[in-house]
There are 2 protein chains.
Amino acid sequence: MDVRFSSRASTQTLFAQVYEYIWTRIQRGEWKEHEKLPSVRLLAAELNVHRLTVFKAYQLLKEEKKVYVKDKSGYYVHPGGAMPLDNLDSPIVSSYVQKSHLSEIHKVPVTYQFSYALIDPNLLPNRFFSEYVKEIFDLYPKVLSSYSTVQGDEELREALCRYFMDMHRFHLSPEDIMITSGSQQALDLLARMLVQPRDAVLIERPTYSAAIDIFRQLGAQLIPVEIHPNGYDLDQVEAYMKRYKPRLFYLNPTYHNPTGYTVPAEQRKQLVELAERYRCFVIEDDPFRDMYFESEPPPPLFSYSVEGYVVYIRSFSKYVAPGLRIAAVCLHPSLVSHFFTVKSLADNGSPLLNQKIFLHYFSSSRMQQHIEKLRTALNVRKTIMEEELSATAWRWNSPAGGLNLWVKLPESLSMEALLAKSIEQSISFVPGSICDPLKETKSWLRLSYSYISEKQLREGTKLLISMASELAGTVE
Amino acid sequence: MDVRFSSRASTQTLFAQVYEYIWTRIQRGEWKEHEKLPSVRLLAAELNVHRLTVFKAYQLLKEEKKVYVKDKSGYYVHPGGAMPLDNLDSPIVSSYVQKSHLSEIHKVPVTYQFSYALIDPNLLPNRFFSEYVKEIFDLYPKVLSSYSTVQGDEELREALCRYFMDMHRFHLSPEDIMITSGSQQALDLLARMLVQPRDAVLIERPTYSAAIDIFRQLGAQLIPVEIHPNGYDLDQVEAYMKRYKPRLFYLNPTYHNPTGYTVPAEQRKQLVELAERYRCFVIEDDPFRDMYFESEPPPPLFSYSVEGYVVYIRSFSKYVAPGLRIAAVCLHPSLVSHFFTVKSLADNGSPLLNQKIFLHYFSSSRMQQHIEKLRTALNVRKTIMEEELSATAWRWNSPAGGLNLWVKLPESLSMEALLAKSIEQSISFVPGSICDPLKETKSWLRLSYSYISEKQLREGTKLLISMASELAGTVE
């Protein structure tokens, strides 16, 4: 049987739930100070769990001085437990809400911004584009007064469908494409649609940190799959699929975030076969495909999909007009109606204006010209950062595309210390632990070379290196 | 103790969960045809529920021929249970996903569209607005290349803050406002942030149907509060707050959807006092406020809020440029950081372009002029529909604002039959049962007079009446 449900695992989960259930209601003041709490027997019956689970929860609450015992007559609310609204913390919010460290880091305004995996606005076709998009309002005079359909603008889905068929030989109809407000929303909606509590989810290690948060809040059990410069250990992946019967595998196989690694074509084919054999969905997040430096990357896993277990998330707008927030999701027809429902409850459809503006530019020749310029510019910036880093003993694999370097620093160095010091010096980066579902990764960091100018890149990288050297107490 | 957890209720819930757990895995093929299923004892231990619950689940699956028993040695997977991917149904998706009947009805294209509570695009300032918004790209040349902050554009939040303080005397700073992609997203995010499984949620009866779906998918127990032309029965509301300790009360007190009723000022004040006494959040959804016919409605509940339990959702863009999908959420400072996290996981922030366009128009004198024209136009359309309906014995309260009539038809009439027949005749409306958390409401329907032309309104209403008469077999 499925190892996820060894009584140990599930008891832990339930224990946490029961503990949270009691503590939340004490903090909300539903059970007042010195009020007698329900007996272990009663609460166990009401929550339909083992009495031992409730007993353990009460014990911990007692140790934490949140409840107290009065002469064997039962448990009582310890004074000072309830929180005033001014001082609310996580108990107020559902377990869904977790502090997203990345958004915390992004909140800090700095000069040397290595934590944004975003394109420098100066590399985007601003003024030209602004003139260009004005035509939209002549082309579609009612664009501002119309809602999009929940599925997304039909004209845009047709254009994307043609593109996917020509570029990647997808077997697709416009009906199999849904438009979302960026790939972040696509992933969030797919997770809400597919993942039930206790489902196993395979996830790359390291991975996109928001993906970890999204699957966690749904009660998924995350099974990390190490990603290496040459891809995954497929025997391990198959063993996991056999053993854990995972619901899905979330992956980012092309210029992977944060590592920049790319999964080879042969592995992609095999991976899809495994997914189909073990009925494991594959969510392929593919935002960096267009940002290659030398040659095009291998085809998407979706193009190898036969039985429909691969779901493809593609975002284009970030390279043209990130302000538009447009992504496309390609799904098997049997999944479209379900995605339709989650999307309609989430926001009733993405804004039509943004879809029309994007369509207008996407269909123009300017799009490809712009993307080519962007590739060159990013390659230059990557090279600059690598030149500077070559002065150190730090290790990284030079990526063939994408926006990031995944860099290994000396073990001795404390990432927390380095980040704190960096932010003082107006530098920010993403510490590797944030990208690790196990939160264990030490001495790795993600440096994005895509957001700041070549000059700033050089200065900031030098500055980061010198700070690290000081911290290490040794100039490398 | 809290009646929600009478063992009956919770056992039912768990039973459903266990049933779904087994059946889902059979359909996914994790347990193959004729494979022996885990014993009641084992599964009960693994899922940590009473054996009786597992036993009952197996019994039902057996009756449904999904599992079979072999000479007392246990339960086995019945052949033909597993579904091919082409024929997937709800088991593939999380319990989150429910068929949203409203979006089903909206999918049907009809001439006489009474089911859209939306503004007729012809009443919106299309051409003028199109010219006007082009200025945005000169004002903000980099608007398309910049992401908004997760919280929303600061300039827009400042403008909204001033507006709320001037118009409604809100005690507010721009930091207490979050921008979302329409009020639908605001409600979905607030629900995900505040509601935990088994929390009680007070909800109006009838109410906005998507709100029912959103709270249901989070495992909330819905407690319906009847709304009447003169508001709620506050003694009943207080009794519910005492008894169920509800997490929140979702309400739409001004030109309520679907009824058009408005909760009087005195009740608003008392309701906020109750909410604060019983620590029950109030989510005030206020999309129709500007659409009054004679005099302005009473102030929002938020303006009476002292302790911060009221959360205010306001959408403006639907009256100006629905295509923009902009709404504002006003929250107590202690809730902002939590909302920030759910919003960042959901989509990393709404598109900046839409926020700037809306800001630009919102700050102009044209906005108020337009809104005033709109009020008049809607009042005229409401009058037309009421003139036609006056020929019938149908009953409704003439609303003082908003977009809908909530109409009672003769008991004898079958809504399902009327809707089916209407759609044949290219008429659509919202049957009352969709708006009822108990799904019991018979012989009521919601007719929106806001979306189609005056001429169509007259024709469509006549046609609907004559069809109803035919169905009833009596001309009224």
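Residues numbered from 1 in each chain as written. Chains lettered and ligands numbered in written order. Predicted model: local features only at pLDDT ≥ 70, side-chain atom pairs only at ≥ 80, totals over all residues. Heavy atoms only, no water.

A. Region of interest: the overall build of chain A. When you go through chain A residue by residue, the secondary structure sums to 15 helices and 14 strands. For 476 residues, the compact-globule estimate of 2.2 N^0.38 gives 23 Å, and chain A sits close to it at 25 Å. Expressed as lengths along the three principal axes of its C-alpha atoms, the size of chain A is roughly 80 × 60 × 50 Å. Looking at the 476 residues of chain A, the share that counts as buried comes to 63%. Pairs at least 24 residues apart make up 75% of the contacts formed inside chain A by residues separated by at least 6 positions. Approximately 17,400 Å² of chain A is accessible, and the part contributed by carbon and sulfur atoms is 53%. (Helix = DSSP H or I, 4+ residues; strand = E, 2+ residues; numbered from the N terminus. Rg over C-alpha atoms; globule rule 2.2 N^0.38 Å. Buried < 20%, exposed > 50% of the residue type's maximum accessible area, 1.4 Å probe, protein only. Contact = heavy atoms within 4.5 Å. Areas by Shrake-Rupley, 256 points an atom, 1.4 Å probe, with all protein chains shown as cover.)

B. Examining the packing of aromatic side chains more closely. Applying the stated criterion across every chain, the model contains 43 aromatic pairs over all chains. Aromatic pair Y163(B) and F316(B): ring centres 5.5 Å apart, planes at 85°, arrangement edge-to-face. Taken as a pair, Y163(B) in helix 6 (residues 154–168) and F316(B) in the loop between strand 9 (310–315) and strand 10 (327–330) lie far apart in primary sequence, 153 residues in all. Assessed through its relative accessible area of 2%, F316(B) is described here as buried. Geometry around W23(A) places K66(A) over its ring, the cationic atom sitting 4.4 Å from the centre. K70(B) extends its terminal NZ or CZ atom over the ring of Y76(B), reaching a point 4.3 Å from the ring centre. (Phe/Tyr/Trp six-rings, centres within 6.5 Å; stacked < 30°, edge-to-face > 60°. Lys NZ or Arg CZ within 6 Å of the ring centre and 35° of its normal.)

C. The relation of the copies chain B and chain A, seen in detail. Structural alignment of chain B on chain A gives an RMSD of 0.1 Å, achieved by rotating through 180° and translating 0.0 Å along the axis. Read as a symmetry element, the transformation amounts to a two-fold axis. (Least-squares fit on C-alpha atoms with pLDDT ≥ 70 in both.)

D. Quick look at the sheet that holds strand 9 (residues 310–315) of chain A. All names here are of chain A. The strand order 4-10-9-8-7-5-6 describes an open sheet built from 7 strands, whose pairing is mixed. Looking at the sheet topology across the chains shown, the edges are occupied by strand 4 (177–180) and strand 6 (221–226). If you compare each strand with its neighbour and ignore which way they point, the axes differ by 20° on average. Bridge analysis of strand 9 against strand 10 (residues 327–330) gives 4 bridges, and the strand direction is antiparallel. Bridge assignment links I313 to a residue of strand 10, and that residue is V329. The strands touched by helix 7 (residues 182–194) within the sheet are strand 4, strand 7 (248–251), strand 8 (281–285), strand 9 and strand 10, with strand 9 carrying the most contacts at an inclination of about 160°. Together, strand 5 (200–205), strand 6 and strand 7 form the strand contacts of helix 9 (residues 234–244), whose direction differs from that of strand 6 by roughly 165°. (Pairing = 2+ DSSP bridges. Axes fitted to C-alpha atoms, helices over the stretch in contact; angles between N-to-C directions.)

E. Focus on the domain arrangement of chain A. Looking at chain A, the domain boundaries give domain 1 (11–77), domain 2 (91–122 + 368–475) and domain 3 (147–363). The centre of domain 1 of chain A, based on its C-alpha atoms, is set 44 Å off from the matching centre of domain 2 of chain A. (Domains from an automatic or database assignment.)

F. Highlighting the interface of chain B and chain A. With 108 residues of chain B in contact, the opposing surface of chain A contributes 110 residues. Across the chain B/chain A interface, buried area totals approximately 9,300 Å², and carbon plus sulfur atoms make up 54% of it. When the buried surface of chain B facing chain A is broken down by residue, N48(B), Y147(B) and L345(B) rank first, second and third, together holding 9% of it. The interface formed by chain B and chain A holds 4 salt bridges in total. The residue D188(A) makes a salt bridge to R192(B) at a minimum N-O spacing of 3.0 Å. Remark: the boundary between chain B and chain A carries 16 residue pairs in polar contact (both at pLDDT 80 or more). Residue assignment for the side of chain B that touches chain A shows that the elements contributing at least two residues are helix 1 (7–27), helix 2 (40–47), helix 4 (101–107), helix 5 (126–139), helix 7 (182–194), helix 8 (209–217), helix 11 (333–347) and helix 12 (352–362) of chain B. A per-element tally of the side of chain B that touches chain A places helix 11 of chain B first, with 10 residues. Looking at side-chain class alone, the side of chain B that touches chain A contains 48 nonpolar, 34 polar and 26 charged residues. (Buried area = accessible area lost by both parts, 1.4 Å probe. Salt bridge = Lys/Arg side-chain N within 4 Å of Asp/Glu carboxyl O. Polar contact = N/O pair within 3.5 Å; in protein donor to acceptor, adjacent residues only side chain to side chain. Nonpolar A, V, L, I, M, F, W, Y, C, P; charged D, E, K, R; others polar.)

G. Examining the pattern of salt bridges more closely. Counted according to the given criterion, the structure contains 48 salt bridges over all chains. Here the salt bridges do not stand alone but share partners, grouping D188(A), R192(A), D188(B) and R192(B) into one network.

H. Main features of the sheet that holds strand 6 (residues 221–226) of chain B. All names here are of chain B. Here 7 strands make up an open sheet; going across it, the order is 4-10-9-8-7-5-6 and the pairing mixed. Each edge of the open sheet is held by one strand with a lone partner, namely strand 4 (177–180) and strand 6. In this sheet, neighbouring strand axes are inclined to one another by 20° on average, regardless of whether the strands run parallel or antiparallel. Here strand 5 (residues 200–205) runs beside strand 6; their pairing, made up of 6 bridges, is parallel. Residue pairing across strands places E204 opposite V225, the latter belonging to strand 6. Relative to the sheet, helix 6 contacts strand 4, strand 9 and strand 10, its axis offset from that of strand 4 by approximately 115°.

I. Looking closely at the environment of S103(B). When you line up the elements, S103(B) lands in helix 4. Remark: the alpha-carbon pair of S103(B) and K318(B), spanning 215 residues in sequence, is separated by 18 Å.

J. Region of the structure containing the side chain of E386(B). Tracing the backbone shows E386(B) in helix 13 (residues 365–389). Aside from chain neighbours lying at most four places away, what touches E386(B) is W396(B), S398(B), P399(B) and L405(B).

K. Summary view of the packing of helix 9 of chain A against helix 10 (residues 265–277) of chain A. Residues and elements named next belong to chain A. Relative to each other, helix 9 and helix 10 sit at 10°, their axes nearing to 10 Å. Taken together, the axis directions place helix 9 and helix 10 in an arrangement best described as roughly parallel. For the pair helix 9 and helix 10, the contacting residues are L234, V237, E238 and M241 in the first and Q267, Q270, L271, L274, A275 and R277 in the second. Within the contact of helix 9 with helix 10, the residues separate by chemical class into 6 nonpolar, 2 polar and 2 charged. (Parallel < 35°, antiparallel > 145°, perpendicular 65-115°, else oblique.)

L. Structural detail: helix 15 (residues 454–472) of chain A. Residue and element names in this part refer to chain A. Here helix 15 is 19 residues long and its end C-alpha atoms lie 27 Å apart, about the 27 Å a rise of 1.5 Å per residue gives. Turning to helix 15, its buried residues number three or more, namely L457, G460, T461, L464, I465, M467, A468 and S469. On the buried face of helix 15, the contacting elements are strand 3 (112–113), helix 13 (365–389), helix 14 (415–424), strand 12 (427–428) and strand 14 (444–448). G473 sits one or two positions beyond helix 15 and adopts a positive phi of about 75°. (Expected span 1.5 Å × (residues − 1).)

M. Geometry of the pairing of strand 4 of chain B. All names here are of chain B. Going residue by residue along strand 4, you find I177 and I179 tucked away on one face and M178 and T180 tucked away on the opposite face as well. Pairing of strand 4 with strand 10 involves 4 bridges; the strand directions are antiparallel. Looking across to strand 10, one finds that T180 is bridged to A327.

N. The environment of C280(B), seen in detail. Residue and element names in this part refer to chain B. Relative to the assigned elements, C280 resides in the loop between helix 10 (265–277) and strand 8 (281–285). Counting along the chain gives 113 residues from C280 to A393, while the straight-line C-alpha distance between them is 41 Å. Here C280 is in contact with M241, P246, R247, L248, F249, A275 and Y309, once residues within four sequence places are set aside.

O. Spotlight on the state of the cysteines. All names here are of chain A. Applying the stated rule across the entire model yields 0 disulfides over all chains. You can see C280 has no disulfide; the closest cysteine sulfur is in C330, sitting 19 Å from it. Overall, the relative accessible area of 0% leaves C280 in the buried class. (Disulfide = S-S within 2.5 Å.)

P. Broad picture of the packing of helix 13 of chain B against helix 15 (residues 454–472) of chain B. Residues and elements named next belong to chain B. Contact pair helix 13 / helix 15: the axes reach a minimum separation of 9 Å and the direction vectors enclose 25°. Here helix 15 runs roughly parallel to helix 13, going by the angle between their axes. Relative to helix 15, the crossing made by helix 13 is right-handed. Residues V380, R381, I384, M385, E387, E388 and L389 of helix 13 form the contact with helix 15, whose own contacting residues are E454, L457, R458, T461, K462 and I465. (Left-handed = near helix turned anticlockwise from the far one by under 90°.)

Q. Structural view of helix 3 (residues 51–63) of chain A. Residues and elements named next belong to chain A. For helix 3, built from 13 residues, the straight-helix expectation of 18 Å at 1.5 Å per residue is met to within 8% by its first-to-last C-alpha distance of 18 Å. Burial in helix 3 covers these residues: T53, V54, A57, Y58 and L61. Along the long axis of helix 3, the arc covered by the buried residues comes to 135°, so they all point the same way. Of the exposed residues in helix 3, those oriented more than 90 degrees away from the buried face are R51, L52 and E63. Note on helix 3: the residue one or two positions beyond its end, K65, has a positive phi of about 60°. (Arc of directions from axis to C-beta.)

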